[in-house]
Each structure stands twice: as C-alpha cells, then as structure tokens.
Amino acid sequence: FSTHKLKDSSGQEKPLSHATAKKLYTIMQSVFTFAVHQNYIKETPCRNVILPSADVSKDKKRKYMTEEELSIFLNMLENDCKHPDFAILMKVLLHTGMRSGEALGLQWSDIDFENNIIHINHTLSDVGGQHFLTTPKTKTSKRYIAMSSTVAELFREQRKYQLKLQMSLKEFPHPEMVFTSANGNYKDRSCLNTSLRRFVNGTKLDFLTLHCLRHSNATLLLNSGVDLKIVSEHLGHSDVSVTASVYADVLDSSRRKTADILEFKLKQA
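Reading the values: rules and limits
Residues numbered from 1 in each chain as written. Predicted model: local features only at pLDDT ≥ 70, side-chain atom pairs only at ≥ 80, totals over all residues. Heavy atoms only, no water. Salt bridge = Lys/Arg side-chain N within 4 Å of Asp/Glu carboxyl O. Helix = DSSP H or I, 4+ residues; strand = E, 2+ residues; numbered from the N terminus. Buried < 20%, exposed > 50% of the residue type's maximum accessible area, 1.4 Å probe, protein only. Phe/Tyr/Trp six-rings, centres within 6.5 Å; stacked < 30°, edge-to-face > 60°. Axes fitted to C-alpha atoms, helices over the stretch in contact; angles between N-to-C directions. Parallel < 35°, antiparallel > 145°, perpendicular 65-115°, else oblique. Left-handed = near helix turned anticlockwise from the far one by under 90°. Contact = heavy atoms within 4.5 Å. Nonpolar A, V, L, I, M, F, W, Y, C, P; charged D, E, K, R; others polar.

## Details of the pattern of salt bridges
Once the charged atoms of two side chains with opposite charge are near each other, the side chains can pair. Applying the stated criterion across every chain, the model contains six salt bridges. For Asp 85, the salt bridge goes to Lys 187, with nearest N and O atoms at 3.6 Å. Remark: Lys 187 occurs in the loop between α5 (149-168) and α6 (189-200) and Asp 85 occurs in helix α3 (residues 84-96); sequence separation between them is 102 residues. Here Asp 85 and Lys 187 have matching classes, each one buried. Note that Glu 102 and Arg 143 form a salt bridge whose closest N and O atoms lie 3.0 Å from each other. Of this pair, Glu 102 sits in helix α4 (residues 100-104) while Arg 143 sits in strand β7 (residues 143-146), placing them 41 residues apart in sequence. Residue Glu 102 is classed as buried on the basis of its relative accessible area of 3%. One salt-bridge network, held together by shared partners, links Arg 99, Glu 102 and Arg 143.

## Description of the packing of aromatic side chains
A full pass over the atoms with the stated rule returns four aromatic pairs. Look at Phe 34 and Phe 132: their rings are 6.0 Å apart centre to centre, the planes differ by 45°, and that puts the pair in the tilted class. In this pair, Phe 34 sits in helix α1 (residues 18-37) while Phe 132 sits in strand β6 (residues 130-134), placing the two residues 98 residues apart along the sequence. For Phe 34, a relative accessible area of 27% puts it in the partly exposed group. Relative to Phe 199, the ring of Phe 73 has its centre 6.4 Å away and its plane inclined at 75°; by these criteria the two rings are edge-to-face. In this pair, Phe 73 is assigned in helix α2 (residues 67-79) and Phe 199 in helix α6, connecting sequence segments 126 residues apart. Each member of the pair Phe 73 and Phe 199 is classed as buried. Chaining the aromatic ring pairs together yields one cluster made of Phe 73, Phe 86 and Phe 199.

## Notes on the packing of α2 against α3
Viewed as axis vectors pointing N to C, α2 and α3 meet at an angle of 155°, and their least axial separation amounts to 9 Å. Between α2 and α3, the angle falls in the class roughly antiparallel. Note that α2 runs across α3; the crossing there is left-handed. Side by side, α2 and α3 meet where Leu 70, Phe 73, Leu 74, Leu 77 and Glu 78 of the first sit next to Phe 86, Ala 87, Met 90, Lys 91 and Leu 94 of the second. For the contact of α2 with α3, the residue count by class is eight nonpolar, no polar and two charged.

Spelled out as structure tokens, the structure:
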C-alpha cells in the first residue's frame, strides 16, 4: 500500500494517503473474507498486510474527549438517551477501548463473567449490506481484555434488555450476539455511527465519532500513567510503535508532567 500511487486530476502520480490506503484495505479485506466464506479461496491475502503508519501531524480529524467532555457525554447518555441499548454500547466502547466492529462482533460466549474477561475473537464485517463475522485483522487484535465491575454490569443490563426484545418478537435471528438490531439481526456499524452523530448534533461534542471513544479510552490510560506497552496490547495494535505514533501528543504531555512532578519533588527535598 505504501508504494502504490494514484493519479490526480492533473495526471500526476501521488502516494496513497494513510486514509485512502486504509479505506482500500478495508474494502479488499471484506471482499476477500467474503470469498473465503463462499469457499472461492482458502485464505484472505489481506490477513498479514501491515498498513503504513499514519502521519498524526497531518490528521486534523483525530480527536479525543477531555475529562470535562467525558463527563458531559456520560451525563447525556444517562439523562438524554431514549435508547438504552445505544447508551450501553457507547459506555462499553468508552470503558474498553474496543473498535466498534469488535464490539458488534461480540458473542455472549466471549463474555467471561466468572473471570471478568472479554475475549475479542471476531469483528463484524459488511459487504454490500451483508453482515458476517470475521477474524480480527492482525494476530494482536485477537486478544482478551480485563472487564471492570462497571462493564460487567453494563453487559448484564444488555442481556436483560435483549431478553425483553426476544420475548416481544416471533423470531430473533442472532440471540448469540451481545449487540443486535431491534429485530435481532446483526447491528449495522454505519447506522450506529449515524445514531451517534444525531445524538451529539448541536452540542459541544458534535466532533464525536465511534473511533473517538477508542482514542478517549487510550488517552485516559496514558494520562493516568499506564505503561505504553500495556496500552498497546489493550488496544490490539500490531506493534507498540503504532501506539506511540498515534498518541505522540499525549505521550509528550505526559513527559512534561513527569518533569514537572520531579522538579516539584526535588525542590521539596
């Protein structure tokens, strides 16, 4: 991907941007995964592809919530949200840092209430409106993350909500899934993102996207002093250098805080 080029309107060749490369990769991954499911090929050639790192300095859209904004968002979910399953999913994404596709790919068998562990075994893919479960894009994406008591309670609330849905419907196609549509089908990610955009529209959080919740989770961890390698494993990044690149500004801020703390402590000595 990093060596391929596209021609612009003037006919000049330019390297693919990170966003374009990622979009093309997502499309190709979905197509090849569908081909595997249909037994046209044995394995997707996208499985071990490593995308070029993003140039964070040029990524103006990348943003995460401050602690004040987090408080506002959680308060909105608690008091202004009319759809309990939407509020639960937003909180789960914020508390766990999962990719939205990973959360939508969760099955109840992935939730270990006894050991407080969430197993990330699948991601929900969409090709031409058809949804199916695929394996995570890299070996490190297939992982498990610790589940707090808050998240465990959120999953229990979701289970109760889902059971009520099942009782009200004649058919519920995917009772094995944690998050489903109102009629029991796979939950569409683009529809979920639209719901989020509508929810924050006209507020100071109108920049918010599903991926911002993941960034906010990681930023909180890094600002709290959690080791970079632990955060990288928590997010399922292919390499710790990816995490360091994406969160370079946050890490610089943490280093400055460390220097200030050391200066204060040594002056008191």
